[in-house]
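Listed below, chain by chain, are the residues.
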Number of protein chains: 2
Amino acid sequence: MSLRHALLAVLTAEPMTGYNLIRYFDGTVAYMWQAPHSQIYPELRRMEQDELVEVEVVPRGKRAEKRVYSLTGKGLAELRAWLEEPTLYPPERDPSRVRAAHFEFSSYAAARAQLRAHRAHYAAALATWEGMVDDLEARRVPLLDSRLRQRPRAEHEAIVEFKRFAFRGESAKARAEIDWAEEGLALLDRLEGEGVPFWGEG
Amino acid sequence: MSLRHALLAVLTAEPMTGYNLIRYFDGTVAYMWQAPHSQIYPELRRMEQDELVEVEVVPRGKRAEKRVYSLTGKGLAELRAWLEEPTLYPPERDPSRVRAAHFEFSSYAAARAQLRAHRAHYAAALATWEGMVDDLEARRVPLLDSRLRQRPRAEHEAIVEFKRFAFRGESAKARAEIDWAEEGLALLDRLEGEGVPFWGEG
DNA sequence: GTAGTCATGTAAGAGGTTACATGATTAG
DNA sequence: CTAATCATGTAACCTCTTACATGACTAC
């Protein structure tokens, strides 16, 4: 139940509505754990029932209302307990790798297109993630300030460093995928140069 | 629906029972796409209904029977079509990264334990995947021979190379994760050396 | 008034996990 | 005879995706 813990982690920064939580989530945590609003709103309701968060219903304009969620003591305890639990590694499930393993049923053109798309996908991701690292250094990340304000100054370095560290992990993975795609393109060039046929050409 | 296509890919090697398919799957494709037998048996039934595979019910001993699946023309066409489709990249969902981003709610000891476990997890995976690359080179992989026998000799190199390439991708990812964990451990050492406190110590 | 943003849901269905369940065959 | 392996399922439950749905507020 990592979604729940990701939401708890966001709420440590400050109380907020589901809508704001989702906006912030999409700008940060979603690079490590994605979730649509259709999953988040119901989850917040369940977390409320489990007393991990509290709600304040606040009027908005004349007729409307909004629900402002804040972390409870139990919620923080749950987050801390989760951080100490041994991580369960989700099963590998990578469609681009399955495809690559069976390129012989495809064609040089299609295989190249797959690898170029792979490279483009991770290049875009890399740019985003490196941008996030820059934003963290420059303290341009929404909610980072309110997060820091809650903790003594001595802890600030660690807080920022851990976030940078997480994004560097994503960046490293993206770089590995880009290199892999390049390697695959070189392999295709070599095989085609040697005149090696396969299904698509046979 | 990548599971379906992963199963079709395995069945290109030779006709086999669900049981054998699962054994082979677990030894190879599962490193890129995992699935339990409770998902595979029903999927094979659905693939049969969709005429992607054919079944021969074969007696086994005196009383028992087994169902031997083989790929149909439609099944091979479906596999080939899938290989040309643009890959849909599954959303990022990495619990170890989410944890790392919030280590400040944990303690030095717990954060170190997480990163050591991360390193151990990917070191084990790396050993497995590098072993797979060796086995492919030495042609020790079950079904590889029957797969090759079906295709002209000129294609063999490409077939083996694509499988090696896929596993090298997994290996590269594992190496990136190991490096990341090392980097994190070094970061923890530095912060602790500088006397930086956080939640667990506050 | 109207477009963009704020705000919060529901619901059907696909995909995946975990546990339960059974029984035949074969090698020793 | 007994353990390992061969063989095939079902079912409950959870998670996630996709689509549908609504309406208030705010700046122009």
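Residues numbered from 1 in each chain as written. Chains lettered and ligands numbered in written order. Predicted model: local features only at pLDDT ≥ 70, side-chain atom pairs only at ≥ 80, totals over all residues. Heavy atoms only, no water.

Participant: I would appreciate a short explanation of the pairing of strand S3 (residues 64–71) of chain B in the present structure.
Facilitator: A regular strand places its side chains on the two faces of the sheet in alternate fashion. Residue and element names in this part refer to chain B. The sheet contact formed by strand S1 (residues 16–17) and S3 spans two bridges and is antiparallel. Following the sheet pairing, Thr17 is matched in S3 by Val68. Pairing analysis gives eight bridges linking strand S2 (residues 53–60) to S3, with the strands arranged antiparallel. Each residue of the ladder has a partner; that of Pro59, found in S3, is Glu65. The antiparallel pairing of S2 with S3 creates a hairpin that spans three residues between the two strands, and Gly61 there sits at a positive phi of about 65°. (Pairing = 2+ DSSP bridges. Helix = DSSP H or I, 4+ residues; strand = E, 2+ residues; numbered from the N terminus.)

Participant: What is the right way to look at the domain arrangement of chain A in this model?
Facilitator: Accessible area lost when the parts come together is the quantity often used to give the size of an interface. Residues and elements named next belong to chain A. Assigned domains within chain A: domain 1 (2–84) and domain 2 (95–193). Counting residues at the interface gives eleven residues for domain 1, matched by twelve residues for domain 2. Roughly 980 Å² of surface becomes buried between domain 1 and domain 2 when both sides are summed, with 62% attributable to carbon and sulfur atoms. At the surface where domain 1 touches domain 2, the tally comes to zero salt bridges. The interface formed by domain 1 and domain 2 includes five residue pairs in polar contact (both at pLDDT 80 or more). Those elements giving two or more residues to the side of domain 1 that touches domain 2 turn out to be helix H1 (2–11) and helix H2 (18–27). Tallied by class, the residues present in the side of domain 1 that touches domain 2 amount to seven nonpolar, three polar and one charged. (Domains from an automatic or database assignment. Contact = heavy atoms within 4.5 Å. Buried area = accessible area lost by both parts, 1.4 Å probe. Salt bridge = Lys/Arg side-chain N within 4 Å of Asp/Glu carboxyl O. Polar contact = N/O pair within 3.5 Å; in protein donor to acceptor, adjacent residues only side chain to side chain. Nonpolar A, V, L, I, M, F, W, Y, C, P; charged D, E, K, R; others polar.)

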